[in-house]
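# Observations on the three-dimensional arrangement
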Amino acid sequence: MSEERSFGRTEEELRFLARVANALGREVETSPPEQPVRGVRGLPTPEAAGNSLEQFLANWRAVGGEADVVRAREAAGRVAEIAREWGVGRVVRWNDPLLDELGLDPALQAAGISVYVWRAGANRDEAIREVDRADLGVTTVYWVAAEPGSLALLSGGDTPRAVSLLPPAHLALVPASRVVPGLTAIMRETALRGLSASLNFITGPSRTADIEMELTVGVHGPGRVYALLVEDR
Amino acid sequence: MTVHPATMKERAAEALHNDFLREAVKITTDKFFAGKALAQRSLGDWEAWRERGRAIRAHVLAHLDYYLGQLIDQVKSRGGKVHLCETAEDAVQVIVDIARARNARSVIKSKSMVTEEIQLNKALEAIGVRAVETDLGEYIIQLAHETPSHIIAPAIHKTKKDVAELFSQVAGKPIKDDTDTLTNFARQKLREEFLTGDIGITGCNFAVAETGSVALFTNEGNGRMVTTLPPVHVVVMGMERVVPTFEDLEVMMNLLPRSGTGQKLTSYVTVITGPRREGEVDGPEEFHLVIVDNGRSRILRDPEFREALQCIRCGACLNVCPVYRQIGGHAYGWVYPGPIGAVITPLLTDDLDRWGDLPYASSLCAACAEACPVKIPLHDMLVRHRVRYVAAGKTPPAERMAFRLYKRAFTSPRRYRLAFKTAVTFQRPLVKDRHLSARLPGLAGWTAGRDFPAAAPKRFRDLWPGLAAEARQMGGADHE
Ligand code: SF4
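Just so you know, these numbers come straight off a predicted model, no measurement behind them. (Residues numbered from 1 in each chain as written. Chains lettered and ligands numbered in written order. Predicted model: local features only at pLDDT ≥ 70, side-chain atom pairs only at ≥ 80, totals over all residues. Heavy atoms only, no water.)

Backbone-to-backbone hydrogen bonds pair the strands of a sheet. The strands run either parallel or antiparallel. Residue and element names in this part refer to chain A. Strand order across the open sheet formed by six strands is β1-β12-β7-β4-β2-β3, with parallel pairing between neighbours. Only two strands of the sheet have a single partner each, and these edge strands are β1 (66-71) and β3 (114-118). Sheet twist, expressed as the mean angle between neighbouring strand axes with direction ignored, is 20°. Where strand β2 (residues 90-94) and β3 come together, five bridges link them in parallel fashion. From the neighbouring strand, V92 faces β3, where its bridge partner is Y116. Packed on one face of the sheet, helix α2 (residues 52-62) meets β1 and β12 (224-231) and runs near 170° to β12. Seen against the sheet, helix α3 (residues 72-85) touches β1, β4 (136-139), β7 (169-175) and β12 and runs at an angle of roughly 145° to β1. (Pairing = 2+ DSSP bridges. Helix = DSSP H or I, 4+ residues; strand = E, 2+ residues; numbered from the N terminus. Axes fitted to C-alpha atoms, helices over the stretch in contact; angles between N-to-C directions. Contact = heavy atoms within 4.5 Å.)

This is how it looks when you write it as structure tokens:
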């Protein structure tokens, strides 16, 4: 990336880098070295060969995630159904216009479920309290990788990290058009458009096998994760 | 912390008497190993991927000064602070200062081996800051005042009953010993810690030089909690854990979980780039990257061992190591167990007297090197260590004597023939199933723990003419 590299180096930095260079038997390098190989270029990357959506569903379910495909007009009703089935009383959600378009809040409220929308600049204590006592966090995604079966979420004011993390269940609404065959496209895209403070790849529920190697889900993050793929908008 | 006996031999003896440990280590490593085979297949040409992993890591090491410089610039340009620490003490001091500046009462940690290496928790406790390990396995062993026994599964040596006892003490009432109850209890307890922690500390699986990002691979979600809730996030990284670009991170995402636990990807891969941005309410307002040398430049300087810094801490070499599988992680005595531990511990500590016997904890079967996703020649390095240990005159006298005798015998055909005949004759009363099991003088260190193969009744040399003829008859290649 940046080529001029010597600007504003502190004494401490110069000393540390000189020590490293010295261990390599030379002066500090200031121009970018040529990379003989880079990333996955030229490798057979694991990517969906056929239908990406199908492959995502298979991979996601294989690690214990739940999933379904619905039409846009059915999506909100479906979320309400799932929430009722899971005994959800409180939902916290991202402030993504897609969720408004789908009519999520009215559908949930009609089912007697309260909704807190976490917006940019929200009161921190209040937002954290709400998300900590919510039964379900609802988000969208930036991308979905069919291989290995992962949701990619970017943090932002209206897309906080805590919503997909603190509640015991997480449901992501996924526009089917955001499903890509593998990770490569996502890596390129994220690096190009500039990174959010946090990029999360989520591949199934929170899990541990730390006690006698028995798989348990939901140790810190959500134990139930649902990917609801939304076709045509 | 538990005090482990001083020598490898004593620690191994202790471990060998713990039947649960041996069984647990085997089950765990078998599971990881079986998963690895499966996950590797999903990647197609595994060898090509290993070679790519090796090439990227080797390239970074050859230009580490450049990439560290780039990383520093990128982190700073995104509002993060970088701290460069030559020694463990420097790193501890930096973090203690951050804790003081924030008036911190508690620090919540997501698994980080470097913080074990620099003994951070002790230093924090000394200034009255509670350090809470939040990875379930680490939490358990912290309650038990022990150290991790496996890179990926730190508490495999604990039974459910052990864990229930520890948790019952914390709760002040009995907690049932089934896994769900135990996990639930830990979830609640640690949730309080996440919500009130003043500083979050994590390790770093990889730092991306071109973007100044830090990638964390976790399954439980504690790494995400630690980087989401506290107002300060401190990353402690060994200075070698760099990849050049975001694209290179993808290679590691394919190699690390597959090699370690046999997953295609861990439940979470969290890529953090600086403190929270405008409008963000969660995530830390302060981001610190603590880059630790602590002996790594010594390894970098050493052509015989530089490749050891390619390690991505996946644990695959532990899972396949027959010695690790028998004795578990504690027998290695320090932070890093298994073959990689035996290689880097003497180097990082620069203390042959204390750790020079570690490289003997290996059968040199090379399973470790074969398993390593970045192709570190671990068994060659163990031999190089032994050579240095011997050259430094550190071997036990009996062993030196034995090898002098072997040298005498093996460098003269006449003496060799004589020694062989003598051996065949004199071993007779001691041989059981073609092995020598009695304690022979000079071989006691060997035969106490295993059987020494007896000298065969006929030498291979004597058998060769017959074997070669047989091979020719069978149409095999002629090696004569
Ligand atoms: S030496 Fe290789 S196999 Fe062992 S932990 Fe490091 S990367 Fe994994």
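Below, the discussion takes up helix α5 (residues 88-101) of chain B. Residues and elements named next belong to chain B. For α5, spanning 14 residues, the distance from its first C-alpha to its last is 20 Å, which sits close to the expected 20 Å at 1.5 Å a residue. All of the buried residues in α5 are A88, A91, V92, V94, I95, V96, I98 and A99. As for α5, its buried residues are in contact with β1 (81-85), α7 (120-126), β4 (199-202), β7 (232-238) and β10 (286-292). Directly after α5, the chain includes N103, whose backbone phi takes a positive value near 55°. (Expected span 1.5 Å × (residues − 1). Buried < 20%, exposed > 50% of the residue type's maximum accessible area, 1.4 Å probe, protein only.)

Below, the discussion takes up the state of the cysteines. Residues and elements named next belong to chain B. What the rule picks out here adds up to zero disulfides over all chains. A disulfide-free cysteine, C85 has its sulfur positioned 14 Å from the sulfur of C204, the nearest such atom. Judged by relative accessible area, which is 0%, C85 ranks as buried. Free of any disulfide, C321 has its nearest neighbouring cysteine sulfur in C365, separated by 6.4 Å. (Disulfide = S-S within 2.5 Å.)

Let us now look at empty space enclosed by the protein. To find the voids left in a structure, one rolls a probe of water-molecule size over its atoms. Residue and element names in this part refer to chain B. Counted according to the given criterion, the structure contains seven cavities of 30 Å³ or more. Estimated volume of the largest cavity: approximately 90 Å³. Along the walls of the largest cavity sit 14 residues, with C311, C314, C317, C372 and P373 positioned nearest its centre. Taken together, the residues of the lining of the largest cavity break down into 12 nonpolar, one polar and one charged. (1 Å grid on protein atoms, 1.4 Å probe; cavity = no way out; pocket = protein on both sides within 12 Å on 5 of 7 lines; lining within 4 Å. Points joined across faces, edges and corners; volume = space filled by probe spheres on them. Nonpolar A, V, L, I, M, F, W, Y, C, P; charged D, E, K, R; others polar.)

Here we come to the UniProt feature "domain: LUD" (unreviewed entry) in chain A. Mapped onto this structure's residue numbering, the UniProt feature "domain: LUD" (unreviewed entry) falls at residues 53-230 of chain A. Counted over residues 53-230 of chain A, helix gives 32% and strand 30%. Its end C-alpha atoms are 11 Å apart. (UniProt positions renumbered as here; feature names shortened; annotations may be inferred.)

Here the focus is the interface of chain A and chain B. Between chain A and chain B, the contact holds 89 residues from the first and 104 residues from the second. Counting the surface lost from both chain A and chain B, the interface buries some 8,300 Å², and carbon and sulfur atoms represent 56% of this. Considering only the side of chain A, the residues that lose the most area to chain B are I211, M213 and H220 of chain A, jointly responsible for 10% of the buried surface there. Along the contact surface separating chain A from chain B lie 11 salt bridges. Between R191 of chain B and D132 of chain A there is a salt bridge whose closest N-O contact spans 3.0 Å. On the surface where chain A and chain B come into contact, there are 49 residue pairs in polar contact (both at pLDDT 80 or more). Contributions of two or more residues to the side of chain A that touches chain B are made by α1 (11-23), α6 (124-133), α7 (183-193), β9 (198-202) and β10 (207-208) of chain A. If you tally residues by element for the side of chain A that touches chain B, the top one is α1 of chain A, at nine residues. Among the residues making up the side of chain A that touches chain B, the classes are represented as 41 nonpolar, 27 polar and 21 charged. (Buried area = accessible area lost by both parts, 1.4 Å probe. Salt bridge = Lys/Arg side-chain N within 4 Å of Asp/Glu carboxyl O. Polar contact = N/O pair within 3.5 Å; in protein donor to acceptor, adjacent residues only side chain to side chain.)

Contacts to the ligand come from 13 residues, most closely from C311, C314, G315, C317 and C372 of chain B. Cavity membership is defined here by more than half of the atoms lying within 2 Å of grid points; on that basis the ligand lies in the largest cavity. (Near = heavy atom within 4 Å. Sits in = over half its atoms within 2 Å of the grid points.)

With that settled, consider the sheet that holds strand β6 (residues 150-154) of chain A. Read across the sheet, eight strands follow the order β8(A)-β5(A)-β6(A)-β9(A)-β9(B)-β6(B)-β5(B)-β8(B) without closing on themselves; strand pairing throughout is mixed. In this open sheet, the two edge strands, each paired with only one partner strand, are β8 (179-180) of chain A together with β8 (242-243) of chain B. As judged from the four bridges shared by β6 of chain A and β9 of chain A, these two strands associate in the antiparallel manner. Looking at β9 of chain A, one finds that L153 of chain A is bridged to N200 of chain A. With respect to the sheet, α7 of chain A is in contact with β5 (143-145), β6, β8 and β9 of chain A, its orientation differing from that of β5 of chain A by roughly 150°. Here helix α12 (residues 246-260) of chain B sits on the sheet and contacts β9 of chain A together with β5 (206-208), β6 (213-218), β8 and β9 (268-272) of chain B; the angle it forms with β6 of chain B, its principal contact strand, is near 15°.

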